[in-house]
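Geometric and topological summary
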Amino acid sequence: GQNIDQPTEMTATEGAIVQINCTYQTSGFNGLFWYQQHAGEAPTFLSYNVLDGLEEKGRFSSFLSRSKGYSYLLLKELQMKDSASYLCAPSNDYKLSFGAGTTVTVRA
Amino acid sequence: ETGVTQTPRHLVMGMTNKKSLKCEQHLGHNAMYWYKQSAKKPLELMFVYSLEERVENNSVPSRFSPECPNSSHLFLHLHTLQPEDSALYLCASSQGADGGTEAFFGQGTRLTVV
């Protein structure tokens, strides 16, 4: 099974940096996805980590440690449009399992 | 049209009704999925189809019946649902069903069972 743990809510100021941590326990781990979901909309892909280390993609970066079952998503230079839910999703075989999501609120 | 399209976007049905949700993908993907998203709960994987064959039924009650007639279309047939089945039902597709490629989601069907 999958145990996925991420904070429920985070609040930050426009222009700031926020780090969303995710821990997971799973068998047959392939890699870990991060998705963004705005209220009332479909989740959209942000990043995918297979190997340990940091993957940078513009203002968003994602880190993975396979041995520790740990990942984080780093959001830099926060903008109001970044207010959304961020879903941690480890994959094994063909199963993509999702955490409950972290709701990030960006304040002016 | 592009991406993953779901119809209808909203559905209200009685507990004795029979209805179907439709999903269509225009991405040439080989795998399709149904997920359920309830308020304040994680996305729950319901079914996985790879090359039109069901490879996963995640302990879903039989009142939910999936159908995949070809690699571009996926249906979820609903009958004698319960009020607790009210949720957002999301369809997704990916290039393969090996968990190594990103999934693209449709906008979902907001289902209310009365």
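Figured I'd write up the structure that's included with this text. (Residues numbered from 1 in each chain as written. Chains lettered and ligands numbered in written order. Predicted model: local features only at pLDDT ≥ 70, side-chain atom pairs only at ≥ 80, totals over all residues. Heavy atoms only, no water.)

This part takes up the pattern of salt bridges. Residue and element names in this part refer to chain A. Counted according to the given criterion, the structure contains 3 salt bridges over all chains. The partner of Glu 56 in a salt bridge is Lys 76, and the shortest N-O contact between them spans 3.6 Å. Of this pair, Glu 56 sits in strand S6 (residues 53-57) while Lys 76 sits in the loop between strand S8 (70-75) and strand S9 (84-92), placing them 20 residues apart in sequence. In this structure, the salt-bridge partner of Asp 82 is Arg 59, at a minimum N-O distance of 2.8 Å. You can see Asp 82 sitting in the loop between S8 and S9 and its partner Arg 59 sitting in the loop between S6 and strand S7 (60-65), a full 23 residues away along the chain. Given a relative accessible area of 2%, Asp 82 falls into the buried group. (Salt bridge = Lys/Arg side-chain N within 4 Å of Asp/Glu carboxyl O. Helix = DSSP H or I, 4+ residues; strand = E, 2+ residues; numbered from the N terminus. Buried < 20%, exposed > 50% of the residue type's maximum accessible area, 1.4 Å probe, protein only.)

Attention now goes to the interface of chain B and chain A. Across the contact, 21 residues belong to chain B and 18 residues belong to chain A. At the boundary of chain B with chain A, total buried surface from both sides reaches about 1600 Å², with 55% on carbon and sulfur atoms. If you look at where chain B meets chain A, you find 2 residue pairs in polar contact (both at pLDDT 80 or more). When residues of the side of chain B that touches chain A are traced back to their parent elements, those giving at least two are strand S4 (31-37), strand S5 (44-50) and strand S6 (53-57) of chain B. No other element matches the 3 residues that S4 of chain B contributes to the side of chain B that touches chain A. Residue classes in the side of chain B that touches chain A are distributed as 11 nonpolar, 7 polar and 3 charged. (Contact = heavy atoms within 4.5 Å. Buried area = accessible area lost by both parts, 1.4 Å probe. Polar contact = N/O pair within 3.5 Å; in protein donor to acceptor, adjacent residues only side chain to side chain. Nonpolar A, V, L, I, M, F, W, Y, C, P; charged D, E, K, R; others polar.)

Residues and elements named next belong to chain B. Most of S5 is tucked away, with 6 of its 7 residues classed as buried. Here 6 bridges tie S4 to S5, and the two strands are oriented antiparallel to one another. Along S5, the bridge assignment pairs Trp 34 with Phe 47. Connecting S4 to the next strand, S5, in antiparallel fashion are 6 residues, including Lys 40 with a positive phi near 65°. Here 4 bridges tie S5 to S6, and the two strands are oriented antiparallel to one another. (Pairing = 2+ DSSP bridges.)

Here we come to the pairing of strand S7 (residues 64-70) of chain B. Bridging between S7 of chain B and strand S8 (residues 73-79) of chain B involves 5 bridges; their strand directions are antiparallel. Looking at the pairing, Asn 70 of chain B lines up with His 73 of chain B of S8 of chain B.

A word on the sheet that holds S7 of chain B. Residue and element names in this part refer to chain B. The 4 strands lie next to each other as S1-S3-S8-S7, forming an open sheet whose pairing is antiparallel. Both outer strands of the open sheet, strand S1 (4-7) and S7, are each paired with one neighbouring strand and no more. Within this sheet the neighbouring strands show an average axis-to-axis angle of 20°, counted without direction. (Axes fitted to C-alpha atoms, helices over the stretch in contact; angles between N-to-C directions.)

These results come straight from atomic positions and should not be treated as a statement about function.
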